[in-house]
Amino acid sequence: MRPVHTALAVFVAAVWGFNFVVIEIGLGHFPPLLLSALRFLVAAVPAVFFVGPPKVAWKWIVGVGVALGIAKFGLLFTGMAHGMPAGLSSLVLQVQAVFTAVIAAFVLRERPGRVRIAGMGVALAGIAVAAVDGGTSGPVLGFVLVVAAAACWGVSNVLTRRAAPPDALNFMVWVCAVPVLPLFALSLLIEGPERDLAALGALDWSGAAVIGYVAWVSTVFGFGAWGYLLRRYPASSVAPFSLLVPVFGMSSAALVLGEGISGLRWAAAALLVGGVALTSLTPAGAKARTADPVRSEDSGWTTGSTGSPVVAAARPAP
């Protein structure tokens with residue numbers, strides 16, 4: 001990669017890592033489901049009027065919108081609202097690569113090779129260490145919700161892989177439009193109209209900046225830049241930069257929010273990042289015996305050296 005594009009890839013990883021800090025700040029302004037709804041509303045409008053019509057079937061847009069927008073982000077924001085630290089959230093969420101590989105093995109018949117299986121084991125060991133660390137620094141419920149969010153992210157990754165969208169930005173903008181109304185409805189039902197109206201009535205420049213960052217900087221810019229890199233270089237060249245996200249997430253949370261990074265958390269980070277690298281950046285052991293015309297191996301979204309679409313092409317910003 002050219003130096004300027006390497007710098008862009010690192011910058012996108014930094015943007016996505018710092019996003020966890022911004023989310024933590026945003027949860028001081030808005031209830032979690034309302035914040036998630038506002039994020040997708042601002043990301044989708046007005047962008048949806050400029051990216052053109054969807055380039056894949058609506059079933060894939062709706063499916064990814066539900067799994068990613070409603071389930072994954074709803075659970076992530078709620079877990080962080082229940083006390084899950086921003087830095088630890090950025091780390092634990094990376095176990096999505098394991099969920100993606102496991103789901104793909106059953107749904108897409110992608111048999112993981114020995115190296116990938118070993119990577120899953122290493123990553124799960126990292127989650128176990130993170131759970132021990134989380135048990136001493138935050139509530140169990142928040143940790144469980146973030147792990148559940150990672151599982152939903154794995155589902156959305158496999159759906160994205162099946163959809164094989166030719167235009168990542170177009171696809172993501174339309175996906176962002178799907179969860180807006182359901183998340184607003186869930187917020188009204190669960191968080192209550194009084195709480196939502198109070199948060200909107202107290203909107204200030206800080207709250208507006210949070211929404212702008214998570215919607216435009218993290219989502220629109222992040223996906224646009226990532227898609228640009230993937231159009232110019234093989235996914236195997238771009239993918240490893242996504243492993244910097246928890247590094248930036250943990251370090252920025254420590255610098256901005258004052259979160260401590262214990263020895264256990266460093267150990268969990270080493271295991272998780274190493275396990276995710278082995279799981280995501282190595283080829284599957286064997287392809288499906290039956291040809292599948294919508295498999296992303298043939299779509300240009302991934303290459304033979306990348307099994308997980310989250311690091312290869314569809315790394316959604318947190």
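In case you missed it, the structure is sitting above this.
Model, not experiment: these values are computed from the prediction.

1. Observations regarding the packing of aromatic side chains
Inference 1: Taken as a whole and assessed by the stated rule, the structure comprises seven aromatic pairs.
Inference 2: Between the aromatic rings of Phe11 and Phe221, the centroid separation amounts to 5.9 Å while the plane-to-plane angle is 70°, which identifies the pairing as edge-to-face. Of this pair, Phe11 sits in helix α1 (residues 3-26) while Phe221 sits in helix α11 (residues 205-232), and the two are 210 residues apart along the sequence.
Inference 3: Here Trp58 and Trp174 contribute two aromatic rings whose centre-to-centre distance is 5.5 Å and whose plane-to-plane angle is 85°, an arrangement assigned as edge-to-face. Note that Trp58 is positioned in helix α3 (residues 58-81) and Trp174 in helix α8 (residues 168-177), a separation of 116 residues in sequence.
Inference 4: Among the residues examined, Trp58 registers a relative accessible area of 47% and is labelled partly exposed.
Inference 5: You can call Trp174 buried: its relative accessible area is 17%.
Inference 6: Grouping aromatic residues by their ring pairs yields a cluster made of Trp16, Phe223 and Trp226.
Inference 7: Over the aromatic face of Phe40 sits the side chain of Arg39, whose NZ or CZ is 5.1 Å from the ring centroid.

2. Considerations on unusual backbone geometry
Inference 1: Omega for the bond connecting Val45 with Pro46 falls within 30 degrees of zero, at 10°, which places this linkage in the cis form.
Inference 2: Along the chain, the position of Pro46 falls in the loop between α2 (32-44) and α3.
Inference 3: Residues other than glycine seldom take positive phi values, yet Ala164 does so here, at roughly 50°.
Inference 4: Note on placement: Ala164 falls in the loop between α7 (140-163) and α8.
Inference 5: Owing to a relative accessible area of 17%, Ala164 belongs among the buried residues under this scheme.

3. A short note on the nonpolar core
Inference 1: Residues Leu76, Val92 and Leu93 are the most contacted members of the largest nonpolar core, which totals 80 residues.
Inference 2: When neighbours within four sequence positions are excluded, Val92 is seen to be in contact with Met84, Ile127, Ala130, Phe143, Val146, Val147 and Leu272.

4. Let's talk about the environment of Ile117
Inference 1: Mapped onto the secondary structure, Ile117 falls in helix α6 (residues 114-137).
Inference 2: Sequence separation of Ile117 and Ala101 is 16 residues, and the distance between their C-alpha atoms is 9.1 Å.

5. Quick look at the packing of α3 against α8
Inference 1: With their axes 8 Å apart at the nearest point, α3 and α8 run at an angle of 65° to one another. Every pair of crossing elements has a handedness; the one defined by α3 and α8 is right-handed. Packed against α3, whose contacting residues are Trp58, Trp60, Ile61, Val64, Gly65 and Leu68, the element α8 presents Phe171, Met172, Trp174 and Val175 at the interface.
Inference 2: Tallied by class, residues from the contact of α3 with α8 come to nine nonpolar, one polar and no charged.

6. A closer look at a nonpolar patch on the surface
Inference 1: On the surface, Ile25, Leu255, Val256 and Leu257 cluster together into a nonpolar patch covering about 360 Å² of accessible area.
Inference 2: In terms of residues, the nonpolar patch owes the most to one element, helix α13 (residues 245-257), which gives three residues.
Inference 3: Relative to the assigned elements, Leu257 resides in helix α13.
Inference 4: By relative accessible area, Leu257 is classed as partly exposed at 32%.

Parameters and conventions
- Residues numbered from 1 in each chain as written.
- Predicted model: local features only at pLDDT ≥ 70, side-chain atom pairs only at ≥ 80, totals over all residues.
- Heavy atoms only, no water.
- Phe/Tyr/Trp six-rings, centres within 6.5 Å; stacked < 30°, edge-to-face > 60°.
- Helix = DSSP H or I, 4+ residues; strand = E, 2+ residues; numbered from the N terminus.
- Buried < 20%, exposed > 50% of the residue type's maximum accessible area, 1.4 Å probe, protein only.
- Lys NZ or Arg CZ within 6 Å of the ring centre and 35° of its normal.
- Core = buried A, V, L, I, M, F, W, Y, C linked by side-chain atoms within 4.5 Å.
- Contact = heavy atoms within 4.5 Å.
- Axes fitted to C-alpha atoms, helices over the stretch in contact; angles between N-to-C directions.
- Left-handed = near helix turned anticlockwise from the far one by under 90°.
- Nonpolar A, V, L, I, M, F, W, Y, C, P; charged D, E, K, R; others polar.
- Patch = residues over 30% accessible without salt bridge, like charges linked within 9 Å, V, L, I, M, F, W, Y side chains within 5 Å.
- Areas by Shrake-Rupley, 256 points an atom, 1.4 Å probe, with all protein chains shown as cover.
- Salt bridge = Lys/Arg side-chain N within 4 Å of Asp/Glu carboxyl O.

What is shown is where atoms sit, not what they do.
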